[in-house]
Amino acid sequence: MNVDFPLVFLFLSAYSAILMLVAALRGVLGPTLPDRVVSLDTINTLVVATMVTLAVAFKQIIYVDIAIVYALLSFITTLYIAKYMEMKMGVGK
Amino acid sequence: MIEPLILACVAISMIFNTLGVIGLHRFPDVYTRLHAATKCTTFGSIFATIAVAAYGFGQWYYGNAAYGNMTAHAIFALLALLITNPTGAHAIARAAHLSGISPKRAVVDILEEDRKKTGSKKREEAKGVES
């Protein structure tokens, strides 16, 4: 079995990029603020997956480390936006 | 030997990411969208990471020593995804409920009633402490 794996992973990351665009459409359309945040969260997860697969596609191991840092930073961003939603519209006055 | 495993992981990752994004568009309100998007996308991304780890392991096994690093780091990325993603989804759902968005076609919202009761009690206690 002779598969060109960098090409397969490049195809996977291109496909994830298309999915990111489709998920961003929900962020544009989304009627409420939490809808947009859900769209952002989905895009963040897809970005992590894309970076990890691009590491194989371009044969650069450092991309995986960047994906780890991106995952942790996007987690903090999500938590902060959730806190902001609670403060802005919530009952915690 | 390891190549069919990698291809299967890539296929599972593509299928579940697609399902998650479709669910993000087809479900009626925030909570169901969150459910579809978070669960499916986390599962798909984990399988993409497993595919990368398996590829790195295969290269390392056939004598390409630099790829051992890739496997270890991919496993760390998997752990980061596995811990942070459900926590973020929970925070979003909690904030959405606190900001007053009720699920579509919901008949009863016991959490809201419960929160009103305990919240008013807590507010009174806080006032008592202040005065």
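Because the structure is predicted, anything quoted here is derived from the model rather than measured.

**Here's the deal with the overall build of chain B**
Counting secondary structure elements, chain B contains four helices and zero strands. The N-to-C order of helical and strand elements in chain B reads α-α-α-α. Taken against the 2.2 N^0.38 rule, which gives 14 Å for 131 residues, the C-alpha radius of gyration of chain B at 22 Å runs more than 25% over that of a compact globule. Projected onto its principal axes, the C-alpha coordinates of chain B cover approximately 75 × 40 × 15 Å. Counting only residues that meet the buried cut, chain B has 43% of its 131 residues in that class. Total accessible area on chain B is roughly 7500 Å²; 66% of this is exposed by carbon and sulfur atoms. Chain B carries 13 positive and 9 negative side-chain charges, and their two centres are separated by 5 Å.

**Points about empty space enclosed by the protein**
Scanning the model with the defined rule gives two cavities of 30 Å³ or more in all. The computed volume of the largest cavity comes to approximately 90 Å³. A:D41, A:N44, A:T45, A:V48, A:A71, A:S74, A:F75, A:T78, B:L81, B:T84 and B:N85 together form the lining of the largest cavity. Classifying every residue of the lining of the largest cavity by side-chain character gives four nonpolar, six polar and one charged. Empty space within the second largest cavity amounts to approximately 30 Å³. In this structure, the second largest cavity is lined by A:D41, A:T42, A:T45, B:A37, B:T38, B:T41, B:T42 and B:N85. When contributions to the lining of the second largest cavity are tallied by element, the ones reaching two or more residues are α2 (33-58) of chain A together with α2 (30-61) of chain B. The element contributing the most residues to the lining of the second largest cavity is α2(B), with four residues.

**Things to note about the interface of chain B and chain A**
On the side of chain A, 48 residues touch chain B, which itself brings 48 residues to the contact. The junction of chain B with chain A conceals about 4300 Å² of combined surface from both sides, 77% of it contributed by carbon and sulfur atoms. The interface formed by chain B and chain A contains two salt bridges. Our count for the chain B to chain A interface comes out at eight residue pairs in polar contact (both at pLDDT 80 or more). Elements that contribute at least two residues to the side of chain B that touches chain A include exactly α1 (3-26), α2 and α3 (67-98) of chain B. A per-element tally of the side of chain B that touches chain A places α3(B) first, with 19 residues. A per-class count over the side of chain B that touches chain A returns 28 nonpolar, 16 polar and four charged.

Thresholds, definitions, all that
- Position labels on residues start from 1 in each chain and follow its written sequence.
- Chain A is the first chain written and ligand 1 is the first ligand written, with later ones labelled in order.
- Whole-chain, interface and lining totals are the exception, using all residues; otherwise, since this is a predicted model, local features are given only for residues with pLDDT of at least 70 and side-chain atom pairs are given and counted only at 80 or more.
- To get the side-chain values, all heavy atoms of the structure are used, and hydrogens and water are removed first.
- To qualify as a helix, a DSSP run of H or I must reach at least 4 residues; to qualify as a strand, a run of E must reach at least 2; elements of each kind are numbered from the N terminus.
- Here the radius of gyration uses the C-alpha set of atoms, whereas the globule reference equals 2.2 Å times the residue count to the power 0.38.
- When a residue's accessible area, from a 1.4 Å probe over protein chains only, is under 20% of the maximum for its type it is buried; when over 50% it is exposed; and in between it is partly exposed.
- Using a 1.4 Å probe, the Shrake-Rupley method yields the accessible areas, and only the shown protein chains count as cover for residues.
- Residues scored as positive are Lys and Arg, those scored as negative are Asp and Glu, and His as well as the terminal groups of each chain are ignored.
- Positions of charges follow a simple convention, taking NZ of Lys, CZ of Arg, CG of Asp or CD of Glu.
- With a 1 Å grid spanning the protein atoms alone, the term cavity applies to any set of points in which a 1.4 Å probe fits but cannot get out, the term pocket to an open set with protein on both sides within 12 Å along at least five of seven lines, and the term lining residue to any residue with an atom within 4 Å of a point.
- Grid points are joined across faces, edges and corners, and a volume is the space filled by probe spheres set on the points.
- Any residue that is not Ala, Val, Leu, Ile, Met, Phe, Trp, Tyr, Cys, Pro, Asp, Glu, Lys or Arg is counted as polar, Gly included; the first ten are nonpolar and the last four charged.
- Contact definition: two residues touch when any of their heavy atoms are within 4.5 Å.
- Buried area is calculated as the accessible area (1.4 Å probe) missing from two parts once they are joined, with the contributions of both summed.
- Should a side-chain nitrogen of Lys or Arg be within 4 Å of a carboxyl oxygen of Asp or Glu, the pair is scored as a salt bridge.
- Think of a polar contact as two N or O atoms within 3.5 Å of one another; within protein, one of them needs to be a possible hydrogen donor and the other a possible acceptor, and neighboring residues in sequence only count if both atoms come from side chains.

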